[in-house]
Amino acid sequence: MGLLKVIEWTESDSDTIVYKVPMGGNTINRGSVLNVRESQVAIFCDKGRMADVFLPGYYKLETDSIPVLTKLLSWKYGFEKPFKSDVYFVNTHQFTNMKWGTSSPIMIRDADYGAVRVRGFGTYAFRVKDAFVFMKELSGTLSSFSTRDITDYIRSMLVMGISDAIGESGVPVLDMAGNLIELSAAVKKSLTPRFESMGLELTGFNFESFSLPPELEKALDESTRLGMMRKNIDVYTQIAQADALKEAAKNPGMAGSAMGAGIGMGMGVGMGRMFADISAGGAPKPAEGGKHCIHCGAALSATAKFCPECGKPVSPTCPKCGAKLPAGSKFCPECGTKL
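Residues numbered from 1 in each chain as written. Predicted model: local features only at pLDDT ≥ 70, side-chain atom pairs only at ≥ 80, totals over all residues. Heavy atoms only, no water.

Caption draft 1: Here's a closer look at the confidence of the model for the chain. On average, residues of the chain carry a pLDDT of 75, and 74% of them reach 70 or more. Confidence drops under a pLDDT of 50 for residues 267-289, and excluding neighbours within four residues, the segment shows 16 contacts in the predicted structure. (pLDDT = per-residue confidence, 0-100. Contact = heavy atoms within 4.5 Å.)

Caption draft 2: Examining helix 2 (residues 131-139) more closely. Every buried residue of helix 2 is listed here: Ala131, Phe134, Met135 and Ser139. For helix 2, the angular spread of buried residues about the axis comes to 100°, placing them on one side. At the N-terminal boundary of helix 2, the capping side chain belongs to aspartate 130, with an oxygen 3.1 Å from the backbone nitrogen of phenylalanine 132. (Buried < 20%, exposed > 50% of the residue type's maximum accessible area, 1.4 Å probe, protein only. Helix = DSSP H or I, 4+ residues; strand = E, 2+ residues; numbered from the N terminus. Arc of directions from axis to C-beta. Polar contact = N/O pair within 3.5 Å; in protein donor to acceptor, adjacent residues only side chain to side chain.)

Caption draft 3: Molecular detail of helix 4 (residues 180-196). With 17 residues, helix 4 should cover 24 Å at 1.5 Å per step; its first-to-last C-alpha distance of 24 Å lies within 8% of that length. Along helix 4, the residues that are buried comprise Leu180, Leu183, Ser184, Val187, Leu191 and Phe195. The secondary structure elements touched by the buried residues of helix 4 are strand 10 (114-128), helix 3 (151-169) and strand 12 (200-211). (Expected span 1.5 Å × (residues − 1).)

Caption draft 4: Focus on the nonpolar core. Core analysis: the biggest nonpolar cluster contains 43 residues, and Ile17, Tyr124, Phe126 and Phe205 have the highest contact counts within it. In terms of residues, this core owes the most to one element, helix 3, which gives six residues. Grouped together as the second largest cluster of nonpolar side chains are 17 residues, Ile28, Leu34, Phe54 and Leu61 included. (Core = buried A, V, L, I, M, F, W, Y, C linked by side-chain atoms within 4.5 Å.)

Caption draft 5: Molecular detail of the sheet that holds strand 11 (residues 144-146). Reading across the sheet, the five strands line up as 5-4-7-2-11 and stay open at both edges, with antiparallel pairing between neighbours. Looking at the sheet topology across the chains shown, the edges are occupied by strand 5 (49-54) and strand 11. Here the strands of the sheet are splayed against their neighbours by 20° on average, with no regard to which way each runs. Bridge count between strand 4 (residues 40-46) and strand 7 (residues 86-91): six bridges; the pairing is antiparallel. Across the sheet, the residue bridging to glutamine 40 is asparagine 91, located in strand 7. (Pairing = 2+ DSSP bridges. Axes fitted to C-alpha atoms, helices over the stretch in contact; angles between N-to-C directions.)

What follows is the structure, encoded as structure tokens:
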């Protein structure tokens, strides 16, 4: 039987949470040394009963340094003989970049779309906050305990916390992508008591993605496309009309049918009115308060200066002095020039 001089744990696996020192036939003698590194806690157990907890530091094992174990072993005046005890090291550093995801969709009630199934994925981080409680509640007297032994249980708690946080937040489905930080904080706050009851601390929780069912995403994309078209319906109408006229110009035989289709779609309303006026009166009617050309009698608008039919000025002037001439004048009333 050997004497254990230095008790320590050099971590070789970053996923190990609890490590039991393989004692074999070794015993611990008075004056042995316990070396607990940073981000570690050492726990002495006697026959399954947890006794002394050692924080990071360098300890010389004496009666005073292990008072609880001394009491359990009934050492009234200190121990001189070697003794056997189980020694566990608990890793207290943060275990980061742990993955979580919803294996099945979470059903939530949305004010706009009713019952909606959503999925989420992300990362979380945790650490052992109270090694004594953790050993008592989860690890027990197992020789080793790793993150793989607890991640499934933590993920189930996270999904429960996510469902609770989303339900209480009242955030609409379409606004969740812009509120992931707030939702992460709500999930972390909701699960803190559950983690502390196991001696753990949820140090970080993050959403990486948040997705809706494919059919709902497709419906939202279609609604967005239609909304954009409604806001720019005039532009789309003009483009469609221009394209129709181009096609009609390429094939003259299609001009009438293309124009008819344009009018039926509401894109040739102005042109339809013009043709209606022509069919009713033969020629465009002058605007209210308009006049007729003094030369050819064509209808003129109130602001016309030249006749659109004969091209002559509406109000003739003297070619010599420029004075305005009354209708039917043969001589200029100003200079007497014969017209």
